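# Analysis of the macromolecular model
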Amino acid sequence: MKKPIYAVFDVGKTNKKVILFDEARQIIDEHQQVCLETVDEDGFACETLSRLSQWVLDRWQALRQNTHYNLKGVNFTSYGASFVHLGANGQPVLPLYNYLKPLPAPVQEAFYAELEQLPTEFATETCSPQMGMLNSGMQLYWLKHTQPEQFSRIRTSLHLPQYLSYLITGEAFSDYTSVGCHTGLWDFKLGRYHDWVYREGIDDKLAPLTRDSIASVVDGILVGVGLHDSSAALLPYMQENEKPFLLISTGTWAVTLNPFNREPLTPELLRRDCLSYLSPKGDMTKASRVFFGREHDFQVQRIADYFHVKPDFYHSLMVARPYDAASASFRPWCMKGTGPYPDQPVAEWDLSSFSTAADAYQHLMHGLMTILTESINLVRQDEKLIYVDGGFARNPLFMQLLGQSFPDAKIRTLEVPQATALGALIHLEQGEAWKKTQLLFS
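The name given to the chain in an unreviewed UniProt entry is Carbohydrate kinase, and the organism recorded there is Hymenobacter citatus.

On to the side chain of D40. Positionally, D40 belongs in the loop between strand 4 (38–39) and strand 5 (45–46). A relative accessible area of 6% places D40 in the buried class. A distance of 2.8 Å separates a polar atom in the side chain of D40 from the backbone nitrogen of D42. With near-sequence residues (within four places) excluded, D40 lies in contact with C46, P95, Y97 and K101.

What follows deals with the pattern of salt bridges. Within this structure, the stated rule accounts for 15 salt bridges. A salt bridge links R25 to E429; its shortest N-O distance comes to 2.5 Å. On the criterion of sequence distance, the pair formed by R25 in the loop between strand 2 (15–21) and strand 3 (27–34) and E429 in helix 14 (residues 419–429) is long-range, its members being 404 residues apart. Residue class for R25 comes out partly exposed when judged on its relative accessible area of 29%. One continuous salt-bridge network, built from bridges that share partners, spans D40, D42 and K101.

What follows concerns the pairing of strand 6 (residues 69–78). Among the ten residues of strand 6, eight are classified as buried, and the element is accordingly described as predominantly covered. Examined bridge by bridge, strand 1 (residues 3–11) and strand 6 share nine bridges and lie parallel to one another. By the bridge assignment for strand 6, I5 is matched with L71. Bridge count between strand 6 and strand 14 (residues 221–224): two bridges; the pairing is parallel. Residue pairing across strands places G73 opposite L222, the latter belonging to strand 14. In terms of strand pairing, strand 6 meets strand 15 (residues 227–228) through two bridges, oriented parallel. Directly across from T77, in strand 15, lies its bridge partner L227.

Another point: the sheet that holds strand 16 (residues 246–250). Taken in spatial order, the six strands make up an open sheet running 18-19-17-16-20-21, and their pairing is mixed. Every other strand in the sheet has two partners, leaving strand 18 (274–278) and strand 21 (410–412) as the edge strands with one partner each. Taking each pair of neighbouring strands and ignoring which way they run, the sheet shows an average axis angle of 25 degrees. Bridge count for strand 17 (residues 254–258) against strand 19 (residues 284–290) is five bridges, and the pairing is antiparallel.

Bringing the packing of aromatic side chains into the picture now. Taken as a whole and assessed by the stated rule, the structure comprises 28 aromatic pairs. Taking 5.5 Å as the distance between ring centres and 70 degrees as the angle between the ring planes, the aromatic pair formed by F111 and F122 counts as edge-to-face. Pair noted here: F111 is in helix 2 (residues 105–114) and F122 is in helix 3 (residues 119–126), with a separation of eleven residues, a long-range link. In this pair, the class of F111 matches that of F122, namely buried. Between F292 and F398, the ring centres sit 5.5 Å apart and the planes meet at 90 degrees, which makes this aromatic pair edge-to-face. Linking F292 in helix 11 (residues 292–307) with F398 in helix 13 (residues 396–405), this pair joins segments that are 106 residues apart in sequence. Aromatic ring contacts, followed pair by pair, group F111, Y112, F122, Y141 and W196 into a single cluster.

Procedures and definitions
The written sequence of each chain sets the order in which its residues are numbered from 1. Where local features are concerned, this predicted model is filtered to residues with pLDDT of at least 70; where side-chain atom pairs are given and counted, the filter is 80 or more; whole-chain, interface and lining totals use all residues. For side-chain calculations, the full set of non-hydrogen atoms in the structure is used, while hydrogens and water are omitted. Elements are defined by DSSP. Helices are runs of H or I of four residues or more, strands are runs of E of two residues or more, and each kind is numbered from the N terminus. Partly exposed residues are those whose accessible area sits between 20% and 50% of the maximum for their type, while under 20% is buried and over 50% is exposed, using a 1.4 Å probe and protein chains only. Whenever two N or O atoms come within 3.5 Å, that pair is a polar contact, provided that in protein one can donate a hydrogen and the other can accept it, and provided that, for residues adjacent in sequence, both atoms are side-chain atoms. Any two residues having at least one pair of non-hydrogen atoms within 4.5 Å are treated as being in contact. Whenever a carboxyl oxygen of Asp or Glu lies within 4 Å of a side-chain nitrogen of Lys or Arg, that contact is scored as a salt bridge. In this scheme, strands are said to pair when DSSP sees at least two bridges between them. To get an axis, fit a line to the C-alpha atoms, keeping to the stretch in contact for a helix; angles then go from 0 to 180 degrees between the N-to-C directions. By convention, a stacked pair of Phe, Tyr or Trp rings (six-membered ring in the case of Trp) has centres within 6.5 Å and planes under 30 degrees apart, an edge-to-face pair has planes over 60 apart, and any other such pair is tilted.

Right under this line is the structure:
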């Protein structure tokens, strides 16, 4: 008997993975691929789209032909702010431009001049602070106004997760999670594309939006529509708990996600590094960000250099000390223009008053937690459950200090291996075709 499995393609900027799950959602295998970058017509690094496409198709064929597995379904999740532009023959006609590529200042100035509203008003309506190409709608505006001939060749522009699905199904869709991640395309107030999208004719290039999570059934295999990786990572937590909760995803950034906060974003919240995303069904998810991990690593290196210790010295620290006034002297170096205090000037944190590296680290964590607490409170309502995932979930001082900052809440870590891929599998399971299939087999 062949083993029934599900596959999820999880495409990051550096590593591309295909993860296999059994019917109990347990990981049974994983394959990694590194696709070397190429350059666009300006010499700027970008994804090698042909290589990525071939890898997906090769893995898809290998899974279908595997003598040990019976492939039941496949879904896709990837980084956002990236479009694949298809021509009349359904093939890519332009590079997959890197969202880090600088947007020419005259293009951005022209865009905002034509808006007939203040940039702050536009940012509030679209939940999209000015981020250049990271506002992926700006990529389409840039192409239309700087490369009109190339723009005219585009029949459909697909967000990257939906392109990966299209490779297998030939069905072109847009999904809410990709449209709703700071693209500048979506009017959150009106629940539709923003006026500028229609005025510029951008809507003609976008595939139909779908709330269903299944794009097609190919030879009896359910093929998902795909979704943005940040939204995918939230889904296992949504399924685990019906009560309102916050998820603090920790790493280079600490991002607090509140899928239960439906309050409109205000200019002040935007200024303090809050955003709103869309769920797969088009509901709002409020989020706030702090450059926590980057600041932590920068200051840990400073402490290690100052006290002549190894940079992993803090791994042995298990118990958080009570707060004292010296912690108020902490000043971040890497957070300028970001987080809940965007106007705070950059300053060098003085380490001379501390006697040991451990002493300095305790005060560093108190100082960072003060900033993070403020950021969390920007999107928290009265949720009594806070999940933590990512690297800092394994830092005992971080977890203790978070508990002290929110004494009325339960702090939990829910170790979810490959949370993004698991979220994509859960997304697939929510599709209409899945439900009909289950009825047929039950």
